[in-house]
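Letter by letter, the chains look like this.
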Amino acid sequence: MPRSGRFSGRIIAGTVLFFLAAVGLLYHREWTLPPPSFSSPPGLKTKVMIVGDSISQGTEGDFTWRYRLWEWFQSQKIAVEFVGPYNGTVPPQGRPPPSSIPLDDNLRATDVSKSQWGTWGGYAPSTDTLFPQENGGAHFALWGRSAFQVRETIAQQVKTYMPDLMLVELGFNDLGWFWGPEDTVQSMETLIRNARAANPRLKFAVSNVPYRTAIDGRDDLPVMTDHYNDLLEKALPGWGTEESPVELVHFREDYTCYIDDCPAGHDGLHPNALGEYQIARAFTQTLHSKFGMGKAPLEIPDDIPPRICSTPPNVQASQASNGINVTWDAVYGTYRYEMQAKLPDTIEWSEGFLPTYLFYYETTWPSAGESWEFRVRSSCGDALKSDWSGVVSAVAATSSQNTDEE
Ligand SMILES: *[C@@H]1O[C@H](CO)[C@@H](O)[C@H](O)[C@H]1NC(C)=O
Ligand SMILES: *[C@@H]1O[C@H](CO)[C@@H](O)[C@H](O)[C@H]1NC(C)=O
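Computed from a predicted structure; not experimentally measured.

Draft legend 1. Region of interest: the nonpolar core. Counting 69 residues, the largest nonpolar core has L69, F73, M166, M188 and L287 as its most contacted members. No other element matches the 7 residues that helix 11 (residues 273–291) contributes to this core. With residues near it in sequence (within four places) discarded, M188 still touches A147, V168, L170, V206, Y228, L232 and W239. One finds M339, V392, A394 and A396 within the second-largest nonpolar core, a separate group that totals 19 residues.

Draft legend 2. Main features of unusual backbone geometry. One non-glycine residue with positive phi stands out, namely N135, at about 60 degrees. On the secondary structure map, N135 appears in the loop between helix 5 (130–133) and strand 3 (140–141). Phi angles above zero are rare outside glycine, and M162 is one such case at about 45 degrees. Relative to the helices and strands, M162 resides in the loop between helix 6 (147–161) and strand 4 (165–169).

Draft legend 3. Geometry of helix 11. With 19 residues, helix 11 ought to run about 27 Å at 1.5 Å a step, and its terminal C-alpha atoms sit 26 Å apart, in line with that. In this structure N272 caps helix 11, since a side-chain oxygen of it lies 3.0 Å from the backbone nitrogen of L274. Trailing helix 11 by a residue or two, G292 shows a phi angle of about 65 degrees, which is positive.

Draft legend 4. A look at the site of ligand 1. Surveying the vicinity of ligand 1 reveals the residues N87, G121 and Y123. At a separation of 2.2 Å, an oxygen atom of ligand 1 approaches a polar side-chain atom of N87.

Draft legend 5. Up close: the state of the cysteines. For the structure on display, the rule yields 2 disulfides. C257 shares a disulfide with C262; S-S distance 2.0 Å. Here the S-S torsion is close to -105 degrees, and the disulfide linking C257 with C262 is therefore left-handed. The same class applies to C257 as to C262, namely buried. Covalent S-S linkage joins C309 and C380, the inter-sulfur distance amounting to 2.2 Å. Judged by the sign of its S-S torsion, about 85 degrees, the cystine formed by C309 and C380 is right-handed.

Draft legend 6. Spatial organisation of the site of ligand 2. Taken together, A320, N325, T327, Y360 and E362 make up the full set of residues adjacent to ligand 2. For ligand 2, the accessible surface in isolation is 370 Å², of which the surrounding protein chains cover 49%. The set of elements that each furnish at least two residues to the shell around ligand 2 consists of strand 8 (323–327) and strand 11 (360–362). Taken together, the residues of the shell around ligand 2 sort by class into 2 nonpolar, 2 polar and 1 charged.

Draft legend 7. Here's a closer look at the environment of P85. By the secondary structure assignment, P85 is in the loop between strand 2 (80–83) and helix 4 (103–108). The exposure class assigned to P85 is partly exposed, which follows from its relative accessible area of 30%. P85 sits 54 residues away from H139 along the chain, and the two C-alpha atoms are 6.3 Å apart. In this structure, P85 is in contact with H139, F140, Q157 and Y161, ignoring residues within four places of it in sequence.

Draft legend 8. Highlighting the sheet that holds strand 13 (residues 392–395). A sheet is described by the order of its strands in space; here 4 strands give the open sequence 10-9-12-13, paired in antiparallel fashion. One side of each edge strand has no neighbouring strand; the edge strands of this open sheet are strand 10 (350–355) and strand 13. Averaged over all adjacent pairs, the angle separating strand axes in this sheet is 30 degrees, with direction ignored. By the bridge criterion, 6 bridges tie strand 9 (residues 336–342) to strand 10 in an arrangement that is antiparallel. Note on strand 10: the bridge partner recorded for E338 is F353.

Draft legend 9. Representation of the packing of helix 8 (residues 181–198) against helix 9 (residues 220–239) within the structure. It is at 9 Å that the axes of helix 8 and helix 9 come closest, and there the two elements cross at 35 degrees. Note that helix 8 runs across helix 9; the crossing there is right-handed. Taken together, the residues of helix 9 that come into contact with helix 8 (itself represented by P181, E182, T184, V185, M188, E189, I192 and R196) are M224, H227, Y228, L231, L232, A235 and W239. Looking at the contact of helix 8 with helix 9 residue by residue, the class counts come to 10 nonpolar, 2 polar and 3 charged.

Draft legend 10. Structural detail: the sheet that holds strand 7 (residues 316–320). The sheet built from 3 strands is open, its strands ordered 7-8-11 with antiparallel pairing. The sheet is open, and its two edges are formed by strand 7 and strand 11, each paired on a single side. With strand direction ignored, the average angle separating the axes of adjacent strands in the sheet is 20 degrees. Two strands pair when backbone bridges link them, and strand 7 and strand 8 are joined in this way by 5 bridges, in the antiparallel orientation. Bridging across to strand 8, Q316 finds its partner in T327.

Draft legend 11. Examining helix 6 more closely. Bending of helix 6 peaks at approximately 50 degrees at the position of T153. Those residues of helix 6 that fall on the buried side of the exposure criterion are A147, F148, Q149, V150, R151, T153, I154, A155, Q157 and V158. The positive-phi residue at the C-terminal boundary of helix 6 is M162, with phi of around 45 degrees.

Draft legend 12. Main features of the packing of aromatic side chains. The tally for this structure, following the rule as stated, stands at 14 aromatic pairs. Between the aromatic rings of W365 and F374, the centroid separation amounts to 6.4 Å while the plane-to-plane angle is 55 degrees, which identifies the pairing as tilted. In terms of burial, W365 and F374 fall into one category: buried. Taken together, the ring pairs in this structure connect F63, Y67, W70, Y123 and F131 into an aromatic cluster. Over the face of the ring belonging to F353 we find R336, whose NZ or CZ atom lies 3.7 Å from the ring centre. Directly above the ring of W349 sits K342, whose terminal nitrogen or CZ lies 5.2 Å from the centroid.

Conventions we followed
- Residues numbered from 1 in each chain as written.
- Chains lettered and ligands numbered in written order.
- Predicted model: local features only at pLDDT ≥ 70, side-chain atom pairs only at ≥ 80, totals over all residues.
- Heavy atoms only, no water.
- Core = buried A, V, L, I, M, F, W, Y, C linked by side-chain atoms within 4.5 Å.
- Buried < 20%, exposed > 50% of the residue type's maximum accessible area, 1.4 Å probe, protein only.
- Helix = DSSP H or I, 4+ residues; strand = E, 2+ residues; numbered from the N terminus.
- Contact = heavy atoms within 4.5 Å.
- Expected span 1.5 Å × (residues − 1).
- Polar contact = N/O pair within 3.5 Å; in protein donor to acceptor, adjacent residues only side chain to side chain.
- Near = heavy atom within 4 Å.
- Disulfide = S-S within 2.5 Å.
- Areas by Shrake-Rupley, 256 points an atom, 1.4 Å probe, with all protein chains shown as cover.
- Nonpolar A, V, L, I, M, F, W, Y, C, P; charged D, E, K, R; others polar.
- Pairing = 2+ DSSP bridges.
- Axes fitted to C-alpha atoms, helices over the stretch in contact; angles between N-to-C directions.
- Left-handed = near helix turned anticlockwise from the far one by under 90°.
- Bend = angle between axes of the 7 residues up to and from the residue.
- Phe/Tyr/Trp six-rings, centres within 6.5 Å; stacked < 30°, edge-to-face > 60°.
- Lys NZ or Arg CZ within 6 Å of the ring centre and 35° of its normal.

As structure tokens, this is what we get:
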């Protein structure tokens, strides 16, 4: 195998593992009861709890659809308070390295406190300062969350925070990893029943599940998604009560993400700046048409502010005990670092990527005395990359002969 192959193989194997672990994927019956009223007594705010997975929690540097929804409430002059046990996106250091994730436990754990995912990540720097000040980031959404996991723990959250309105975005992880469509509908029904037991007047807007771009060997996913969405739409009207209606949110239909192309997502599923608006819009359509909130649903602007994505600063390569150590300063809001390496006398770069909880790369594969060149950039989605850093180089150490590699 050429040296560049060794580089790519190693770096990609590590990160593929990481990403596998991280992911943490009709009939209509009219609602005949009068739309419930959200007119709170003067001075009281409507308490909104968003219950979701990574699509709702977001990643450090995202605006999140929760923020776009919060903006809509402000623009409609609807007094709301977002509530929930968390308030952040997932931070880089809050994503455990692959070796430390007991994947099964992590996804199946029903104890909220046992989550291994961080919740202290920040938002896009240009979000309104009122958003954190008014605790607009409060939520109950976590990477990897399934309806199955939340169905029991939800009761305690409702008791603690007493929301008036619950917005549920869950189901992808159920279908993607563990459960079939029937099980998932059952989990959703249990979730709603348990939440309502803690507040009999709680109102629900529940989204269906979006498509994602094709994954090798998972042709079943879009089929299961269709089946689940169909079952959900049929079952949902039967779950409502007069005081506690349950309404569908057409996430799948309002989100431009399909099997072969996903303009709304940054990785084939999770929302980019456009997708965040689309999800918020889907929820506001239901809030407006079914619950009489606001004068109109959220309008997606023509000019969507882009997400930040900066080039890693201070890139350096230096000799290290096992080869070469490439270091740089962490970049706020990047999803991963992409690195290229080559020998000085070659033209082609070989490349790999690194998760954001590391901002250095210790090579162990160069032969002793060899000089290598490197450059690094930030990746903020499939279609959003920073410029490459300048090229740095170093000579691999001669003292150690990489005895444990390959
Ligand atoms: C979350 O809330 C804590 C405590 O109020 C605050 O210090 C922190 O900045 C908030 N985090 C975000 C991302 O808003
Ligand atoms: C590489 O650099 C990082 C960051 O400065 C440091 O923590 C690590 O120990 C270095 N590794 C080696 C082998 O020198």
